[in-house]
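# Per-entry structural report
These are the residues of each chain, in order.
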Amino acid sequence: MDPITPAILHISQPVEGGVGRCVRELVADQLERGWAVTVASPGGDLEDAVRGLGAAHVSWPAGRAPGPATAVETMRLRWLFAEHPFALIHLHSSKAGAAGRLALRGRLPTIFQPHGWSFYPLSGALRRAAIAWERIGARWAHAILCVSETERRRGEEAGIRARWEVVPNGIDPRALSPASGVDRVAARARLGLDRSPLVVCLGRICHAKGQDVLLDAWPRVLGRVPQARLALVGGGPDAAALQQRPAERVTFAGERTDAPDWLAAADVVAAPSRWEGMSFAMLETMASARSLVITDVPGARDALGDEAAAVVPLGDLRALAAAIIERLLDPALAAGEGAAARARVERSYDVRDSTDGVARLYARILGAPLEGLGDAELADAQ
């Protein structure tokens, strides 16, 4: 059978952060393979990015939370499916996953990628309702694509029955060199920082990422390392409120385009998230050979193993502070963890492996060889 050129539709809400980044990387790879790629999403950076890559974009005004507007959002997708002959639909995150599966109900090959289950942050009746929906919605997905074995396992434990696929997120390790002590000094000079012990928290400032938890733990760190400084790098909906909190030796750096410098400058990187799929900031920290203190969210232990970081319980301020203190006071421990993390990301979390894995999944679901797959990928997809 001759290879076919598929028409792929990605539907995404949200459009920023790790979800937006994942969509951009998949679009770039699939265009390079010669496929016809369209993205449906609200406007913003993702629209600009995919148009810049050469993909088509369709406006899909959709909020992030479910509500009365979901019915209209679902109808808009039905109209889109009726107007265009897509071969495969790839739904990103819970809102697109809900509206897309309700609109399609399995009539076209459909992949749902949770990017972190919608029920993670919920409790009580809302959690039960979210799990009940995911059990129903799984019937209308030809595959549920998880970014870690832990994410897949959490879905199974919730009673979701699906054709499971796991393709971890990836980054380009060549774009981030392992940062040495010399690199740390140079990066701090560029950023206007002194030589104080530096903890960096990189990412969108929002409830999910847990910067408020890190601020709660910070006085414990200063109690043992009084010259330490914390830098929160990023913007987001909670930034203004957190800046109003009294906090000693804390810098809010805002939105930045120089994340590699902040990683190079850090003695320790803290990632206090409440929930994640598999964090790109975690993978970039690993590629930069920096010691990482991270909460036990899905994807953390999968990526880091036992030797590359400190994984602490969710919401445990004492454990979070103690792990940061230990690494600030023991540079050799931090350096060893950084080297181990770099080796793991080179071995297992290259973006080319991620995009190849998704391409092979498409071929298996469509039951046909696809243009732009190598011989090994074509054989694997059979």
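This write-up is about the structure you can find in this document. Here the structure is a predicted model, which means the values were calculated and not measured.

### Regarding the overall build of the protein chain
The helix and strand inventory of the protein chain stands at 16 helices and 13 strands. For 382 residues, the compact-globule formula gives about 21 Å, and the C-alpha radius of gyration of the protein chain, at 21 Å, lands near that figure. If one aligns the C-alpha atoms of the protein chain with their principal axes, the spans along those axes are about 65 × 50 × 35 Å. A total of 382 residues make up the protein chain; the buried ones form 54% of that total. When contacts within the protein chain are restricted to residue pairs at least 6 apart in sequence, those whose partners lie at least 24 apart make up 65%.

### With respect to the sheet that holds strand β13 (residues 310-312)
Read across the sheet, six strands follow the order β10-β9-β8-β11-β12-β13 without closing on themselves; strand pairing throughout is parallel. Two strands bound the open sheet, and with one partner strand each, they are β10 (250-254) and β13. For this sheet, the mean angle separating the axes of adjacent strands, direction not counted, is 20°. One ladder, built from three bridges, connects strand β11 (residues 268-271) with strand β12 (residues 292-295); its direction is parallel. Considered in β12, the bridge of Ala270 is made with Val293. Against the sheet, helix α11 (residues 280-287) engages β8 (198-202), β11 and β12, with an angle of about 160° to β12.

### Here's the deal with the pairing of β11
In β11, alternate side chains face the same way, and those of Val268 and Ala270 on one face and Val269 and Ala271 on the other are all buried. The handedness of the β11 to β12 crossover, carried by α11, is right-handed.

### Structural notes on helix α4 (residues 93-104)
For α4, spanning twelve residues, the distance from its first C-alpha to its last is 16 Å, which sits close to the expected 16 Å at 1.5 Å a residue. A large share of α4 lies buried, amounting to ten of its twelve residues. Every buried residue of α4 is listed here: Ser93, Lys95, Ala96, Gly97, Ala98, Ala99, Gly100, Arg101, Ala103 and Leu104. Those residues of α4 that are buried are in contact with β1 (7-12), α1 (17-32), α3 (70-83), β4 (88-92), β5 (110-113) and α5 (124-137).

### Details of the packing of α11 against helix α14 (residues 331-348)
Helix packing geometry: the angle between the two helix axes and the distance between the axes. Running from N to C, α11 and α14 point in directions that differ by 115°, and their axes come no closer than 7 Å. Regarding the angle of α11 to α14, the classification is roughly perpendicular. Contacts between α11 and α14 involve Leu283, Met286 and Ala287 from the former and Gly338, Ala341, Arg342, Arg344 and Val345 from the latter.

### Things to note about the packing of aromatic side chains
For the structure on display, the rule yields six aromatic pairs. Look at Trp117 and Trp164: their rings are 6.1 Å apart centre to centre, the planes differ by 80°, and that puts the pair in the edge-to-face class. In this pair, Trp117 is assigned in the loop between β5 and α5 and Trp164 in strand β7 (residues 164-166), connecting sequence segments 47 residues apart. Judged by its relative accessible area of 16%, Trp164 is buried. A network of ring pairs unites the aromatic residues Phe112, Trp117, Phe119, Tyr120 and Trp164 as a single cluster.

### Some details on the sheet that holds β7
An order of β3-β2-β1-β4-β5-β6-β7 is seen for the seven strands of this open sheet, with the pairing classed as parallel. Whereas interior strands pair on both sides, the edge strands pair on one side only; in this sheet they are β3 (56-59) and β7. In this sheet, neighbouring strand axes are inclined to one another by 20° on average, regardless of whether the strands run parallel or antiparallel. As defined by bridge partners, strand β2 (residues 36-41) adjoins β3 across four bridges and the pair is classed as parallel. Across the sheet, Ser41 pairs through a bridge with Ser59, a residue of β3. Packing of α3 onto the sheet brings it into contact with β1, β2, β3 and β4, and relative to β1 it is tilted by some 170°.

### Some details on the environment of Glu16
Its location among the elements puts Glu16 in the loop between β1 and α1. Non-local contacts of Glu16, meaning those with residues more than four positions away in its chain, are made with Arg64 and Arg204. Within the local environment of Glu16, its side chain forms a polar contact with the side chain of Arg64, the two groups lying 2.7 Å apart.

### Overview of the pattern of salt bridges
Per the counting criterion, the structure on display carries 26 salt bridges. A salt bridge links Arg188 to Asp267, with the shortest nitrogen-to-oxygen separation between them at 2.6 Å. With a gap of 79 residues between them, Arg188 in helix α7 (residues 181-191) and Asp267 in the loop between α10 (259-265) and β11 connect regions that are remote in the sequence. On the accessibility criterion, Arg188 (6% relative accessible area) is buried. Between Asp261 and Arg190 there is a salt bridge, with its nearest N and O atoms 2.7 Å apart. Taken together, the positions of Asp261 in helix α10 and Arg190 in helix α7 put the pair 71 residues apart, joining distant regions of the chain. Of the residues examined, Asp261 reaches a relative accessible area of 17% and is grouped as buried. Arg190 gets classed as exposed once you look at its relative accessible area, which sits at 53%. Within this structure, Asp172, Arg174, Asp350 and Arg352 form a network of salt bridges that share partners.

### What about unusual backbone geometry?
The peptide bond linking Gln13 to Pro14 adopts the cis configuration, its omega dihedral lying at 25°. Here Pro14 lies in the loop between β1 and α1. Positive phi, normally seen in glycine, also occurs at Ser93, with a value near 75°. For Arg105, which is not glycine, the phi torsion reads 50° and is therefore positive. Following the sequence through the fold, Arg105 ends up in the loop between α4 and β5.

### Here we look at α3
Between its terminal C-alpha atoms α3 stretches 20 Å, which fits the 20 Å expected from 14 residues at 1.5 Å a residue. Residues of α3 that are buried sit in contact with β1, β2, β3, β4 and α4.

About the thresholds
Residues numbered from 1 in each chain as written. Predicted model: local features only at pLDDT ≥ 70, side-chain atom pairs only at ≥ 80, totals over all residues. Heavy atoms only, no water. Helix = DSSP H or I, 4+ residues; strand = E, 2+ residues; numbered from the N terminus. Rg over C-alpha atoms; globule rule 2.2 N^0.38 Å. Buried < 20%, exposed > 50% of the residue type's maximum accessible area, 1.4 Å probe, protein only. Contact = heavy atoms within 4.5 Å. Pairing = 2+ DSSP bridges. Axes fitted to C-alpha atoms, helices over the stretch in contact; angles between N-to-C directions. Right-handed = clockwise from strand over helix to strand, strands pointing away. Expected span 1.5 Å × (residues − 1). Parallel < 35°, antiparallel > 145°, perpendicular 65-115°, else oblique. Phe/Tyr/Trp six-rings, centres within 6.5 Å; stacked < 30°, edge-to-face > 60°. Polar contact = N/O pair within 3.5 Å; in protein donor to acceptor, adjacent residues only side chain to side chain. Salt bridge = Lys/Arg side-chain N within 4 Å of Asp/Glu carboxyl O.

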